[in-house]
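Examination of the molecular architecture
Take a look at the letters that make up each chain.
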Amino acid sequence: MEQTSNTIPENMDIKIEPGWKEHLKDEFEKSYFTDLTRFVRSEYETQRIYPPGKLIFNAFEKYPFGKTKVVILGQDPYHEPGQAHGLCFSVPDGVSFPPSLQNIFKEIQNDLGIPVPKSGNLERWAEQGVFLLNATLTVRAHQAGSHQKKGWETFTDKVIEVLSNSQDHLVFILWGAYAQRKGELINGTKHLVLKSVHPSPLSAHRGFFGNHQFSKTNEYLINHGKEPVNW
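Attention here is on the structure that accompanies the text. Here the structure is a predicted model, which is why all the values come from computation and not from measurement.

Scoring rules and cut-offs
In this numbering scheme, every chain counts its residues from 1 along its sequence in written order. Under the rules for a predicted model, residues below a pLDDT of 70 receive no local features and side-chain atom pairs below 80 are neither given nor counted, while totals for whole chains, interfaces and linings still include all residues. For side-chain calculations, the full set of non-hydrogen atoms in the structure is used, while hydrogens and water are omitted. For helices, the fitted axis covers only the stretch in contact; all axes are lines through C-alpha atoms, and the angles between them, taken along N-to-C directions, range from 0 to 180 degrees. Strands are runs of DSSP state E lasting at least 2 residues, helices are runs of H or I lasting at least 4, and numbering of each runs from the N terminus. Under this scheme an angle from 65 to 115 degrees is roughly perpendicular, one under 35 degrees roughly parallel, and one over 145 degrees roughly antiparallel; angles in between are oblique. Contacts were defined at the residue level, with two residues in contact if any of their heavy atoms lie within 4.5 Å. Residues are sorted three ways: Asp, Glu, Lys and Arg are charged, Ala, Val, Leu, Ile, Met, Phe, Trp, Tyr, Cys and Pro are nonpolar, and all the rest, Gly among them, are polar. The cut-offs for exposure are 20% and 50% of the maximum accessible area for each residue type, with area from a 1.4 Å probe on protein chains only; residues under the lower value are buried, those over the upper are exposed, and the others partly exposed. When DSSP finds at least two bridges between two strands, those strands are taken to pair. Points on a 1 Å grid, built from protein atoms alone, make a cavity when a 1.4 Å probe fits but cannot get out and make a pocket when they are open with protein on both sides within 12 Å along at least 5 of 7 lines; residues with an atom within 4 Å of a point are the lining residues. Grid points are joined across faces, edges and corners, and a volume is the space filled by probe spheres set on the points. Planes of paired rings set the category: under 30 degrees apart is stacked, over 60 is edge-to-face and the rest tilted, where pairs are Phe, Tyr or Trp rings (Trp by its six-membered ring) whose centres lie within 6.5 Å.

Quick look at the packing of helix α4 (residues 99-112) against helix α8 (residues 213-223) now. Running from N to C, α4 and α8 cross one another at 60°; their axes reach a closest spacing of 8 Å. When the axes of α4 and α8 are compared, the pair comes out oblique. Touching Ile-104, Glu-107, Ile-108, Asp-111 and Leu-112 of α4 are Gln-213, Phe-214 and Ser-215, all from α8. Residues belonging to the contact of α4 with α8 are distributed by class as follows: four nonpolar, two polar and two charged.

Quick look at the structure:
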C-alpha cells in the first residue's frame, strides 16, 4: 500500500537522532535551510511528494551518529508510488525491487554468495551502521531530479563533511558521477572511498558488476577492528 503524506513536520529536523542533531544544528539556522524548508512544505501541500513527510530524515533516525561504519550515497528518492521511505536504494517490505536494487543484490550474490533476499527493505543494513543517504531527500512523483538545486545538496554536503572530519575508518561507497562529486568532501587518507559506475541497468555492466565492493568494505572494517556488515 502506498504511504502518503501531505504535510511535513513544522521543523524538518524533528526526526533526526540526537547525535546527528548536535552535529548539524547550525545548518538548521542558515538562510538556505529556511528557504529549503519553505519550498519543501509548499511542495507537500500542493504536489505528490516522496517519501512521506515523516520519513524525510529516516536515514538519520535509524542508527546513532557515532555508530556509522559505511556510507552509501544515492541521488534522489525513488519517485514512483510506494517505493521511497527515506533510505537510499531501499524499498519497504512487499514492494518490488527497482532495477538498481536488483543489480545491487546480484552483485552481493556474486561477491559474497549471499542469496537475493525476499525484501528490499534495507533497514537491516541501517541497523548495522550503514548510512543510506540520498543527496536530495525529497522528489515529486514521477519527476526524477525535481527537487535538486533547492538546497538539499548543500545540506548533504555538510553531512558528508561532518562524517569525514569527525570519524575515522569509515567506508564511503560512491556509485555514479553524481555521487562521486561528493568525494571531494571526504578525507581519503583516513577513510576508504570506493567508486564505481551506478548500479542502474544503463551502466551496471560497465563496472558495477564485479566491483567486489561489499567484500572490500567488510575486509576494511575487520582490519580496523569493526564488525563486518551482514549484507
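More follows now that the structure is in view.
Of all five residues in strand β2 (residues 70-74), five are buried, a share of seventy percent or more. Burial of β2 is two-sided: the residues Val-70, Ile-72 and Gly-74 facing one way and the residues Val-71 and Leu-73 facing the other way are all buried. Pairing of β2 with strand β5 (residues 171-175), which is carried by four bridges, proceeds in the parallel orientation. Looking at the pairing, Val-70 lines up with Val-171 of β5.

Here the focus is the layout of surface pockets. Its boundaries defined by the atoms lining it, the largest pocket holds a volume of some 380 Å³. Lining the largest pocket we find 21 residues, and of these Asp-76, Pro-77, Tyr-78, Phe-89 and His-198 sit closest to its centre. Residue composition of the lining of the largest pocket, grouped by class: 10 nonpolar, 10 polar and one charged.

Summed over all chains, the structure comprises 21 aromatic pairs. Ring geometry for Trp-20 and Phe-131: centres 4.7 Å apart, planes at 25°, overall stacked. Residue Trp-20 is found in helix α1 (residues 18-24), and its partner Phe-131 is found in strand β3 (residues 130-134); the two are separated by 111 residues along the sequence. Overall, Trp-20 belongs to the buried group, its relative accessible area being 0%. The exposure class of Phe-131 is buried, given its relative accessible area of 3%. Both rings, one in Phe-60 and one in Phe-155, keep their centres 6.0 Å apart while their planes meet at 45°; by these two values the pair is tilted. Placement of the pair is Phe-60 in helix α3 (residues 58-61) and Phe-155 in helix α6 (residues 152-166), with a sequence separation of 95 residues. Exposure class is identical for Phe-60 and Phe-155. Each is buried. Members of the aromatic cluster, connected to one another through ring pairs, are Trp-20, Phe-28, Tyr-32, Phe-33, Phe-57, Phe-60, Phe-65, Phe-131, Trp-152 and Phe-155.

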